[in-house]
Amino acid sequence: MQAFRAAVEAHDLDTVEALLAEHVVFTSPVVFKPYRGGAVTAAILRAVARVFEDFRYERVIGDADGRDHALLFRARVGDREISGCDFLHLDESGRIDELTVMVRPLSGAQALQAAMAAQFERIAEEAQARSGG
């Protein structure tokens, strides 16, 4: 999905949020239970943008006209290198209704979990503000 990739790489998080379906399901690499809804997913993605350093997509897998895409990336969290993949599914209107992230190695996932845990309060506040609550 070129629009998502371009927005992420440009740090244009408003456009990233606009690409999300309201009923999007976000599956985190470090939390068991999926998150549901555009507001919380947008808040999580904003936190990820604060946590990841040197983020770059390296490859996209999927049919340009299809509804399933895989975007392989590399980033750093502190001194840990991470490689990962964003799996996107688009609904009938072309908005992202499923976003699953996987990362490796384990030490990178653990660094990501710790960094995201430090963002938890801000994520909750942003999600509540975005959902109008």
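Structural data are supplied above this passage.
About the thresholds
- Residues numbered from 1 in each chain as written.
- Predicted model: local features only at pLDDT ≥ 70, side-chain atom pairs only at ≥ 80, totals over all residues.
- Heavy atoms only, no water.
- Axes fitted to C-alpha atoms, helices over the stretch in contact; angles between N-to-C directions.
- Helix = DSSP H or I, 4+ residues; strand = E, 2+ residues; numbered from the N terminus.
- Left-handed = near helix turned anticlockwise from the far one by under 90°.
- Contact = heavy atoms within 4.5 Å.
- Nonpolar A, V, L, I, M, F, W, Y, C, P; charged D, E, K, R; others polar.
- Polar contact = N/O pair within 3.5 Å; in protein donor to acceptor, adjacent residues only side chain to side chain.
- Pairing = 2+ DSSP bridges.

**Student:** Before we go on, may I ask you to explain the packing of helix α3 (residues 38-51) against helix α4 (residues 106-117) in this structure?
**Tutor:** Helix packing geometry: the angle between the two helix axes and the distance between the axes. In the contact formed by α3 and α4, the axes pass within 10 Å of each other and the chain directions differ by 115°. Note on packing geometry: the crossing formed by α3 with α4 is right-handed. Residues I44, A47, V48 and V51 of α3 lie in contact with α4, whose contacting residues are L112, A115 and M116. The residue inventory of the contact of α3 with α4, partitioned by class, reads 7 nonpolar, no polar and no charged.

**Student:** Explain the side chain of D86 here, please?
**Tutor:** Along the chain, the position of D86 falls in strand β5 (residues 80-90). A distance of 2.6 Å separates the side chain of D86 from the side chain of Y57, its partner in a polar contact.

**Student:** Sorry if this is basic, but what is going on with the sheet that holds strand β6 (residues 96-104) here?
**Tutor:** Paired through their backbone hydrogen bonds, the strands of a sheet run either parallel or antiparallel. In space, the 6 strands of this open sheet follow the order β2-β1-β6-β5-β4-β3, with mixed pairing throughout. Single-partner strands in this sheet number two, and they are β2 (35-36) and β3 (53-61). Pairing geometry for β5 and β6, over 8 bridges, is antiparallel. Following the sheet pairing, G84 is matched in β6 by V103. Helix-sheet contacts for helix α1 (residues 2-9) involve β3, β4 (68-77), β5 and β6, and the interaxial angle to β3 is about 165°. Sheet contacts for α4: β4, β5 and β6; angle to β5, the most-contacted strand, approximately 75°.

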